[in-house]
Amino acid sequence: MTECIQDRLEFSSSQGRREIVAEFNGGTISSDGGGLLLRETDLKMNLLARFSQCFLDGRNPILIEHSVEQMVQQRVHGLALGYEDLNDHDQLRHDPLLGLMCGKAEPGIEPLAGKSTLNRMELGTGMPTRYKKITFWRDGVDELLVNVFLEAHSTAPRQIVLDIDTTDMALHGNQEGRFYHGYYGHYCYLPLYIFCGDHVLCARLRPSNIGPAVGSRKEVERIVKQIRQHWPEVEIILRGDSGFCGDELMTWCEKNTVKFVIGVARNKRLEGLIAGPLAEAKQQFDSTQQAARVFVEFQHETLNGSWSQKRRVVAKAEHINGKSNPRFLVTSLDSEDWENQKLYEELYCARGDMENRIKEQFVLFADR
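Residues numbered from 1 in each chain as written. Predicted model: local features only at pLDDT ≥ 70, side-chain atom pairs only at ≥ 80, totals over all residues. Heavy atoms only, no water.

A. Quick look at the pattern of salt bridges. Considering all chains together, one arrives at 24 salt bridges under this definition. A salt bridge links E271 to R266, with the nearest nitrogen and oxygen atoms 3.2 Å apart. (Salt bridge = Lys/Arg side-chain N within 4 Å of Asp/Glu carboxyl O.)

Following this line, the structure appears as structure tokens:
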């Protein structure tokens, strides 16, 4: 075989104006240079260092080669750069740029943790075992997420809106807690999210054989308590869809001065209560051939006693595309400050931006 040694290749140019060459003298090159900006951001926030303190390391200190902080940085930076699988770290552990981001003394020479070491850290829960000696403190992680949100404000805001929602996380194997979800039409988990603007305050992984609101009161109570320790005067509004229209959550909000605006699932009884406004909206549509909305409110209680008291319900009687499209909200907000149309269009509909935050989570963790 002929051995060819060439450090420069020339290519023909269709325009003939510029020389196109390939050279191989660049040394070690990475396409992940943007990770250095991510590292600087993390150093400024001191985020991953604090996150690593939420883990308990039961390993023998004398035998430790990769610290928990370095492994946390390796995994989080890898995810942020698009390396989802632990198998990726078979090669990434020798990457000098990632080694630099994780604080290795000699990046590129001193390897990072392998996939098996990272896997033992990720699967460590509860008490340490012989093979999984690294565990995590869930309460510490929960507290850190809220602290990051609080630190992002130089002064206490007058009002904040907490958005609560669930979504599906598709599963393709026989994972623990795997169930089929009829609404989403596949096997999945049903994680619970709570956001305030761009900030994630809660991300709780759950099986999909439970209702959306299961455990939500506990999570909201925990977050509100921590926020009010720093901002005792802030007005808090909880916003969610009809999956969270349960008496337990609403009653807790009413007893703890947390306002709420939550969707209510439509039914024949509710639609019957707004028959007049629906007819009015249809008449407007017939005359203009444009979508018509009429907003009304009424005090409502459930017939089966699932609500412990009467509550203000705001209805949107809409006629669009030749058919009725009614929607309902239940709220503890005062009608003098939040009249019906403003409440629906300006406050409730703004939760669509929160759904974008959830989509961003799944761009980062697609199909995991």
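Next comes the rest of the description.
B. Examining the pairing of strand β11 (residues 235–240) more closely. For β11, the buried fraction is high: 5 of the 6 residues fall into the buried class. As defined by bridge partners, strand β5 (residues 159–166) adjoins β11 across 6 bridges and the pair is classed as parallel. Each residue of the ladder has a partner; that of L162, found in β11, is L238. (Buried < 20%, exposed > 50% of the residue type's maximum accessible area, 1.4 Å probe, protein only. Helix = DSSP H or I, 4+ residues; strand = E, 2+ residues; numbered from the N terminus. Pairing = 2+ DSSP bridges.)

C. Expanded view of the sheet that holds strand β7 (residues 179–181). Strand order in the open sheet made by the 3 strands is β6-β8-β7, with antiparallel pairing throughout. Here the strands that pair on one side only, and so sit at the sheet edges, are β6 (169–170) and β7. Relative to strand β8 (residues 186–189), β7 runs antiparallel, the two sharing 3 bridges. Across the sheet, residue H181 finds its bridge partner in β8, namely H186.

D. Region of the structure containing the side chain of R311. In this fold, R311 is placed in strand β14 (residues 311–320). Here D247 takes part through its side chain, which lies 3.1 Å from a polar atom of the side chain of R311. Setting aside anything within four residues of it in sequence, one finds R311 in contact with D247, M250, T251, E254, F260, F298, Q299, H300 and V330. (Polar contact = N/O pair within 3.5 Å; in protein donor to acceptor, adjacent residues only side chain to side chain. Contact = heavy atoms within 4.5 Å.)

E. Focus on the packing of helix α7 (residues 138–151) against helix α8 (residues 216–230). With their axes 10 Å apart at the nearest point, α7 and α8 run at an angle of 50 degrees to one another. Relative to α8, α7 is oriented oblique. When the axes of α7 and α8 are compared, the crossing they make is right-handed. Between α7 and α8, the residues in contact are R138, D142, E143, V146, N147, F149 and L150 and K218, R222, I223, Q226, I227 and H230, respectively. Its residues assigned to classes, the contact of α7 with α8 shows 5 nonpolar, 3 polar and 5 charged. (Axes fitted to C-alpha atoms, helices over the stretch in contact; angles between N-to-C directions. Parallel < 35°, antiparallel > 145°, perpendicular 65-115°, else oblique. Left-handed = near helix turned anticlockwise from the far one by under 90°. Nonpolar A, V, L, I, M, F, W, Y, C, P; charged D, E, K, R; others polar.)

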